[in-house]
There are 4 protein chains.
Amino acid sequence: MALSVEKTSSGREYKVKDLSQADFGRLELDLAEVEMPGLMACRTEFGPSQPFKGARISGSLHMTIQTAVLIETLTALGAEVRWCSCNIFSTQDHAAAAIARDSAAVFAWKGETLEEYWWCTERCLDWGAGGGPDLIVDDGGDATLLIHEGVKAEEEFEKSGKVPDPESTGVKRLYQMQESGTLLFPAINVNDSVTKSKFDNLYGCRHSLPDGLMRATDVMIAGKVAVVCGYGDVGKGCAAALKQAGARVIVTEIDPICALQALMEGIQILTLEDVVSEADIFVTTTGNKDIIMVDHMRKMKNNAIVCNIGHFDNEIDMNGLETYPGVKRITIKPQTDRWVFPETKTGIIVLAEGRLMNLGCATGHPSFVMSCSFTNQVIAQLELWNEKATGKYEKKVYVLPKHLDEKVAALHLGKLGARLTKLTKSQSDYISIPVEGPYKPAAYRY
Amino acid sequence: MALSVEKTSSGREYKVKDLSQADFGRLELDLAEVEMPGLMACRTEFGPSQPFKGARISGSLHMTIQTAVLIETLTALGAEVRWCSCNIFSTQDHAAAAIARDSAAVFAWKGETLEEYWWCTERCLDWGAGGGPDLIVDDGGDATLLIHEGVKAEEEFEKSGKVPDPESTGVKRLYQMQESGTLLFPAINVNDSVTKSKFDNLYGCRHSLPDGLMRATDVMIAGKVAVVCGYGDVGKGCAAALKQAGARVIVTEIDPICALQALMEGIQILTLEDVVSEADIFVTTTGNKDIIMVDHMRKMKNNAIVCNIGHFDNEIDMNGLETYPGVKRITIKPQTDRWVFPETKTGIIVLAEGRLMNLGCATGHPSFVMSCSFTNQVIAQLELWNEKATGKYEKKVYVLPKHLDEKVAALHLGKLGARLTKLTKSQSDYISIPVEGPYKPAAYRY
Amino acid sequence: MALSVEKTSSGREYKVKDLSQADFGRLELDLAEVEMPGLMACRTEFGPSQPFKGARISGSLHMTIQTAVLIETLTALGAEVRWCSCNIFSTQDHAAAAIARDSAAVFAWKGETLEEYWWCTERCLDWGAGGGPDLIVDDGGDATLLIHEGVKAEEEFEKSGKVPDPESTGVKRLYQMQESGTLLFPAINVNDSVTKSKFDNLYGCRHSLPDGLMRATDVMIAGKVAVVCGYGDVGKGCAAALKQAGARVIVTEIDPICALQALMEGIQILTLEDVVSEADIFVTTTGNKDIIMVDHMRKMKNNAIVCNIGHFDNEIDMNGLETYPGVKRITIKPQTDRWVFPETKTGIIVLAEGRLMNLGCATGHPSFVMSCSFTNQVIAQLELWNEKATGKYEKKVYVLPKHLDEKVAALHLGKLGARLTKLTKSQSDYISIPVEGPYKPAAYRY
Amino acid sequence: MALSVEKTSSGREYKVKDLSQADFGRLELDLAEVEMPGLMACRTEFGPSQPFKGARISGSLHMTIQTAVLIETLTALGAEVRWCSCNIFSTQDHAAAAIARDSAAVFAWKGETLEEYWWCTERCLDWGAGGGPDLIVDDGGDATLLIHEGVKAEEEFEKSGKVPDPESTGVKRLYQMQESGTLLFPAINVNDSVTKSKFDNLYGCRHSLPDGLMRATDVMIAGKVAVVCGYGDVGKGCAAALKQAGARVIVTEIDPICALQALMEGIQILTLEDVVSEADIFVTTTGNKDIIMVDHMRKMKNNAIVCNIGHFDNEIDMNGLETYPGVKRITIKPQTDRWVFPETKTGIIVLAEGRLMNLGCATGHPSFVMSCSFTNQVIAQLELWNEKATGKYEKKVYVLPKHLDEKVAALHLGKLGARLTKLTKSQSDYISIPVEGPYKPAAYRY
């Protein structure tokens, strides 16, 4: 590996696949801006006062068109930004090109090796002359984890030469670090905002799961038996999408409450073993490991589709599959592989090598729902930066306060033509809720 | 009013509409037991040890067939029970008859006057010889509120002769009492259990709203424009039911997050003023007051249907309607009134006099979902009773712990043929969740 | 049986349950008129010219509120009308009372015996002094059949004293009579109008199946396994309703095309034998006989619900059930029976004694969709009457011409706020379709 | 234009984009075969007897992967085949390459000019030495039309040099030719088979409309206002897809029956003028011309998406758009153009230049539903070929008989795990339907 940083004419560093795709990236950025009203509203509201003036922000997050609008929102608010992706397959090269050319230091391309991935991550965090970032942008706490883990990983690499897989580091969570006292700085976990978890996870996946299935396989979903492993927010979105497209959906669950929710929607709850040889499509969404093992895959129907839309890539036993004696891999096209078992000569189709199929096989979540997630990010970073000197935030993990969560939602209503009702003073008094909100207690489940 | 308590041959007190309906009530109770697996499982698990032996339980809760199965579960666990309804229209007389004859002291009938309502409530709480109940069963904290308020109300009645409307007392909530230090005993607010709020409120209303509309009006829902005021759990259930039945649904909301959820489901968000003269069906679900005022009603289309499925009866401005100069009320049948305005000669149809339409016009929520809610009740009462001497619970409002919430769900899976997946030890370690649960953090939103 | 005709003060004959329910019937008639824009438009368009002046119309059709609006439309157009019901359970007594008092000769009540049924049918057809009707109103050809069969049946009754069950006479169809040359007069089979078959059958049942289930059993549909036998228009409506209410739906079919349609909607196709012991709700919609036999019923889960929404009552093997050795019938309430098998002591719940459950247990289809069906009737009768002397119609079965079918639909759009697009002249030329329609070829399937 | 035919080593003629894509095409063909059980069943049933031995088949039909499986089914039955596409954008180049290399003479590539298109069509029909095809495969009669028109067109080209646009020739239909007596040979219009029109048109578009939208624009459909022009089978599929994805759907219609169907599904019926400035997505499905004119497009919101999924490309006024004074076209990527109006500086996004967006922007209908359509084709061609000497078919347009339509459906059930019910003899007698079908009268609407 002999990677070298390149520089724009203005001297900004970058490493992307092909800078000449910047024009195409810019055209799609222009479209995305119209679909991301929350981020554009932040530019309008905060841009003039340049609140991030002097702030160095490092981000490790899928380098997509939507992320590009986020990055340019941060720079529009005065920040200096360096960026890498948090997944070796998730970069959209034309987005990276546009940002590299126009706005920030980017180190990301689709199809990085693990070595390249860690090199990009280092570049993203290296502000030169010993300096580090002032703020870190991440989605769900992974970027922060990578930094903490990266230190360890580098040490281990020094010793053993072993490069850790980024997808396997999310095991220990931010909250565990907080408990163990190893968290290095305060963090706001926007993943727990309602406008993130109940929108991006749910409606984002409802959109991008069928998108990924269609682009990867062109398979007709109607009439098929589809198994969704897990019925959390992501699983709910996936099950809804498959059901609406005409599949018969079966869910596997460990949690009786989520299972009962699925049943109330007419969805059967079975174990994977019950249906492994009957179903046509399998989707993992659990956040846990070892969900679909090679022993399951051996028993599947010919050309059953197996994919993962959960964050980490250990839901599907890719290692077991790759090392299965006599198995044959036929690459239909990038991110779509047919694996043929020697005994049966039948094959299964695995998407995106078991990684996030919506980013690997399609373009991830659409702009509008990512605008919700990323507006949370901007508001959270602003809060941390504004309070950096006040000691308001300790080295803990925080959740965005309810009124900011509601603000994020409010910024997205106009685009959809919605007209909210206003509480009267007397109604406000009656239910003891301020006219301007917040409208719900912290524990409200939506 | 000259009400007098009656007695069964065994000496148990009661006052119901018609004891001869007890056989009919028993037949429906038999059916309901099959649909209430959680309560039946409690009888099996706890019945033999008679944990409520010696406990006096007073309940103020819609006296329906489902409540009857709850009452008989409490008595099967050893309790002595006295009961009244918490709504003047919600009693099912055959259910009350069966309980009065066979199981517990009941004071309830459909169509009580307010005077009768308060008389019933007093009987329910009066255990003779100065004694009160050991435990109070309620749904959402209302029974407890009534007791606290009842004391005040009685005092006021002494002074002014004014009888309070039970539906107007829910304004101050248990949590407010807790804050102000006026709560008289510990309480577990099962309304905040997931297996209550996300099931009874959501799926219960999805079932019982169209049921009420059909029984009251026989109106075809398909093709109509339906306005749902509020998109909380109840509103979500109502909107889903109307949409699925073929209505075009419009939601009014004050909360931008809930509004954005509706939009993601393809539901338009407008204000009541925007649609008041265009819609065919109006449903209030807000928990707030003054949602549909007489000034709105005047502008509605001829035979627009106006109803409330929220707990309290002040969402619809019945007072404004009743006192509107020249308005004419035509009772089509009980709980279905057509109100004709003098200027336009057009009328609107108001269900259940603005009270809970699913209980007033139909039979309320179905047994299965009430089994979830009521199993929460049984488990909560057991916990309070078992810990009464230990001081574990202070005079505060508690929420059922997550593992009991999950247990309630688990008790309802078998009936629906579901088969849960079990975590392996290694998966359990990986995500730091016990094999037996609880599976989610407290703040999880489902 | 000693039935006697009664007379109103004006001398019109009738026999109903209770004439004092006429006021209640009138109130519901008033509501229904607002929901039946097609019939009301006929009154407006044709009323002034009194086209039915001098016509004697006999009708044999479920004597419901909606039929009452039909009858009064016929009388508003100048006809004299006599009416009976075509089903022993389907009369709404308040509707019959209002018509008897105000508009036409009615002979119908809910719960007729077979002897009473035939007496009512005779009264309906007997115009005195040897006269018969000029026109016959029926829905799907049944009234006409009954007249043809009635002649035979009376002859047989003379000989054997055996009273035929009206529900068993539909076997030979109008088209068969036509082929065999035994049809006595021309008929327009409005059941084949699009605005009948694709609306009443489909959307009517989507509405009234859950209505019947709820009123009869209060069972929660969500989470249940429901089997729909047949996926024609009625089956499609039933399956849609159950799916939307949260059931898991399984369909049985003989026709591979209809089966493939169900599969495309995510519905499993199995045989009754495959699922008989697993399902909770069974609905027959086939129009065929012997669909659910006693041998199936024996194997069902305790309290499985069995019902029929197809026109004839021989889809469910009631005879096999009634004569099953040791079986016990427990009537929960009228039209809701629990049948307990001696071997297992488990029971099944049969609705409406195997007859049309939506009319037996609820109020049938809602007014709006019946307005489509009945407007077809009025237009068809007008056509036959106007052409009675011209010989335009032979003794055959006809279908309403497309432009009248489209007219029926058009009359129902305004009520729902719809705004149609108009073809331009140039568009009309391009697709060779007149600006005013008809818009589709006869074979178009919608 | 200097196009020249190429030849394989075996001497078969072809002209495709890139023969080296044949391996990729073959891999996708292998996958598609598993999804096309009807075609594979034809190979199994008819392959051994080689019924097409000696038959020359020319096909003009979108040269996709699915069509490739059709072509290889025809060759497996013994035919010699020459092929071209019927749309300048719809060829999948890897499919064409695989067929050219392995199976048949193909003349097709994505992005033909009109001159190239006609050259390809000529090659397809030219069997050398004055010979023409024995059979013509088409979908909806277009190929046949092209041949008839082609003769005229060539004559006109001789005279005027004007090349006709293939998309503008479908105006006069086969049935019109039949009436005017100009049809040159018998034809079976499989487009009127139920297993074509109610599957390909409906469920195919339900699948491929969102696929095209996502690939072209990545726009989030949830929350958007989508207008579907036309509610025939294609419109029904599109509206269902958009609704399920969370859009608020509005339909425009000229036909009151179709309009009433939409209303029953909760869909609003308005005119395009009513909603043109409010909606986000516009889809034409009418089969008529001049649906969305430049004057509409001028009034749309910024970045409104405009596309056509109807067969011909004159539903959207591309000419008006292209010639609008000062309009600016910005190509985001192939088949996705943003057109900016000079007055407002706002733009609209037009997909596939107004042509079939699901083929232009995505991969068209999925294999399974095309298997239904193409199995109809194979069976129809077999019938024509087998009867070519018998005179059974005159120079008319025929529809596949019902039992063959049902057979097509039956061949697709096994793949989806369906189990049909069999009529008993006694049931068959009762409803006068043979045990083996056909199960429905010809006019049945499904």
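Residues numbered from 1 in each chain as written. Chains lettered and ligands numbered in written order. Predicted model: local features only at pLDDT ≥ 70, side-chain atom pairs only at ≥ 80, totals over all residues. Heavy atoms only, no water.

**Structural notes on unusual backbone geometry**
Residue and element names in this part refer to chain A.
Here's step 1: Looking along the chain, the bond that leaves Gly437 and enters Pro438 is cis, with omega of 0 degrees.
Here's step 2: One non-glycine residue, Asn303, lies in the positive phi region at around 65 degrees.
Here's step 3: Assignment of secondary structure puts Asn303 in the loop between α13 (294-298) and β12 (304-308). (Helix = DSSP H or I, 4+ residues; strand = E, 2+ residues; numbered from the N terminus.)

**Concerning the side chain of Glu112(B)**
All names here are of chain B.
Here's step 1: As for its position among the elements, Glu112 is in the loop between β5 (105-107) and α5 (114-125).
Here's step 2: Buried and unpaired, Glu112 has no salt bridge, with Lys17 as the nearest side chain of opposite charge at 9.0 Å.
Here's step 3: At 3.1 Å, the side chain of Glu112 and the backbone nitrogen of Trp109 are in polar contact.
Here's step 4: Those residues in contact with Glu112 that lie beyond four places of it in its chain are Ile88, Thr91, Phe107, Tyr117 and Cys120. (Buried < 20%, exposed > 50% of the residue type's maximum accessible area, 1.4 Å probe, protein only. Lys, Arg positive; Asp, Glu negative; His and termini not counted. Salt bridge = Lys/Arg side-chain N within 4 Å of Asp/Glu carboxyl O. Polar contact = N/O pair within 3.5 Å; in protein donor to acceptor, adjacent residues only side chain to side chain. Contact = heavy atoms within 4.5 Å.)

**Some words on the relation of the copies chain A and chain B**
Relating the two copies of this chain is a rotation about some axis coupled with a shift parallel to it.
Here's step 1: Rotating chain A by 180 degrees about the axis while translating it 0.0 Å along that axis superimposes it on chain B, leaving an RMSD of 0.0 Å. Look at the turn and shift together and you get a two-fold axis relating the two. For chain A, the smallest separation between a C-alpha atom and the rotation axis is recorded for Arg445(A), amounting to 2.1 Å.
Here's step 2: Of all interface residues in chain A, 100% are interface residues in chain B too; the two copies therefore contact each other through one and the same surface. (Least-squares fit on C-alpha atoms with pLDDT ≥ 70 in both.)

**Re the interface of chain C and chain A**
Here's step 1: If you look at the interface, chain C gives 12 residues, while chain A gives 12 residues.
Here's step 2: Interface of chain C and chain A: buried area, both sides summed, is about 900 Å²; carbon and sulfur atoms make up 58% of it.
Here's step 3: Linking chain C with chain A are zero salt bridges.
Here's step 4: Applying the counting criterion to the chain C and chain A interface returns six residue pairs in polar contact (both at pLDDT 80 or more). (Buried area = accessible area lost by both parts, 1.4 Å probe.)

**Quick look at the environment of Pro342(B)**
All names here are of chain B.
Here's step 1: Within the secondary structure layout, Pro342 lies in the loop between β14 (336-340) and β15 (347-351).
Here's step 2: On the basis of relative accessibility, which here comes to 26%, the residue Pro342 falls in the partly exposed class.
Here's step 3: In sequence terms Pro342 and Ser432 are 90 residues apart; their C-alpha atoms lie 68 Å from each other.
Here's step 4: Contact partners of Pro342, with chain neighbours within four places excluded, come to Tyr324, Pro325, Gly326 and Val327.

**Examining the relation of the copies chain C and chain A**
Here's step 1: Overlay of chain C on chain A (RMSD 0.0 Å): rotation 180 degrees, translation along the axis 0.0 Å.
Here's step 2: Both copies share a contact surface, since 100% of the interface residues of chain C are interface residues in chain A too.

**Notes on the interface of chain A and chain B**
Here's step 1: Counting from both sides, the interface comprises 64 residues of chain A and, opposite them, 64 residues of chain B.
Here's step 2: Summed over both partners, the interface of chain A with chain B comes to about 6,000 Å²; 59% of that surface belongs to carbon and sulfur atoms.
Here's step 3: Considering only the surface of chain A that becomes buried against chain B, Ile254(A), Tyr430(A) and Arg445(A) emerge as the three largest contributors, covering 15% of it.
Here's step 4: For the interface between chain A and chain B, the tally reads six salt bridges.
Here's step 5: We note a salt bridge from Arg419(A) to Asp274(B), for which the minimum N-O separation is 2.6 Å.
Here's step 6: Joining chain A to chain B, the criterion identifies 28 residue pairs in polar contact (both at pLDDT 80 or more).
Here's step 7: At the level of elements, α8 (194-197), α9 (200-217), α10 (233-244), α11 (256-264), α16 (367-386), α17 (402-410) and α18 (425-431) of chain A are the ones that each hand at least two residues to the side of chain A that touches chain B.
Here's step 8: Here the side of chain A that touches chain B takes eight residues from α11(A), the largest share from any one element.

**Some words on the UniProt feature "domain: S-adenosyl-L-homocysteine hydrolase NAD binding" (unreviewed entry) in chain A**
Here's step 1: Following the UniProt record, the feature "domain: S-adenosyl-L-homocysteine hydrolase NAD binding" (unreviewed entry) maps to residues 201-364 of chain A here.
Here's step 2: With 34% helix and 23% strand, the stretch residues 201-364 of chain A has end C-alpha atoms that lie 11 Å from each other. (UniProt positions renumbered as here; feature names shortened; annotations may be inferred.)

**Points about the state of the cysteines**
All names here are of chain D.
Here's step 1: In the structure shown here, the tally under the stated rule is zero disulfides over all chains.
Here's step 2: With no disulfide partner, Cys84 has as its closest neighbouring cysteine sulfur the one in Cys124, 3.8 Å distant.
Here's step 3: Cys84 sits in the buried class, given a relative accessible area of 0%.
Here's step 4: Left unpaired, Cys361 is separated from the closest cysteine sulfur, that of Cys307, by 7.8 Å.
Here's step 5: Given a relative accessible area of 13%, Cys361 falls into the buried group. (Disulfide = S-S within 2.5 Å.)

**Here's the deal with the sheet that holds strand β6 (residues 135-137) of chain C**
All names here are of chain C.
Here's step 1: Taken together, the six strands give an open sheet; going across it, the order is β1-β2-β5-β4-β3-β6, and neighbouring strands pair in mixed fashion. Either end of the sheet is taken by a strand with one partner, and the two such strands are β1 (6-7) and β6.
Here's step 2: Sheet topology places β1 next to strand β2 (residues 13-15); two bridges connect them, and they run antiparallel. Across the sheet, the residue bridging to Lys7 is Glu13, located in β2. (Pairing = 2+ DSSP bridges.)

**Things to note about the packing of aromatic side chains**
Here's step 1: Per the stated rule, a full pass over the model turns up 24 aromatic pairs over all chains.
Here's step 2: With a centroid separation of 5.7 Å and an interplanar angle of 55 degrees, the aromatic rings of Phe199(C) and Tyr203(C) are classed as tilted. By the burial criterion, Phe199(C) is buried, and Tyr203(C) matches it.
Here's step 3: The ring of Trp385(B) carries the charged tip of Lys388(B) above its face, separated from the ring centre by 3.8 Å. (Phe/Tyr/Trp six-rings, centres within 6.5 Å; stacked < 30°, edge-to-face > 60°. Lys NZ or Arg CZ within 6 Å of the ring centre and 35° of its normal.)

**As for the pattern of salt bridges**
Here's step 1: Summed over the entire model, instances satisfying the criterion amount to 125 salt bridges over all chains.
Here's step 2: Residue Lys333(D) is joined to Glu28(A) by a salt bridge in which the shortest nitrogen-to-oxygen separation is 3.7 Å. Here the residue Lys333(D) occupies a position in strand β13 (residues 328-333), and Glu28(A) occupies one in helix α1 (residues 22-35), the pair thus bridging two chains. Comparing Lys333(D) with Glu28(A) shows no difference in burial state: the two are buried.
Here's step 3: Linking Lys224(D) and Glu35(A) is a salt bridge whose minimum nitrogen-to-oxygen distance equals 2.8 Å. Residue Lys224(D) is found in the loop between α9 (200-217) and β8 (225-229), and its partner Glu35(A) is found in helix α1; the two belong to separate chains.
Here's step 4: Owing to a relative accessible area of 10%, Glu35(A) belongs among the buried residues under this scheme.
Here's step 5: Taken together, the shared-partner salt bridges in this structure form one network comprising Asp23(A), Arg26(A), Glu72(A), Arg101(A) and Asp102(A).

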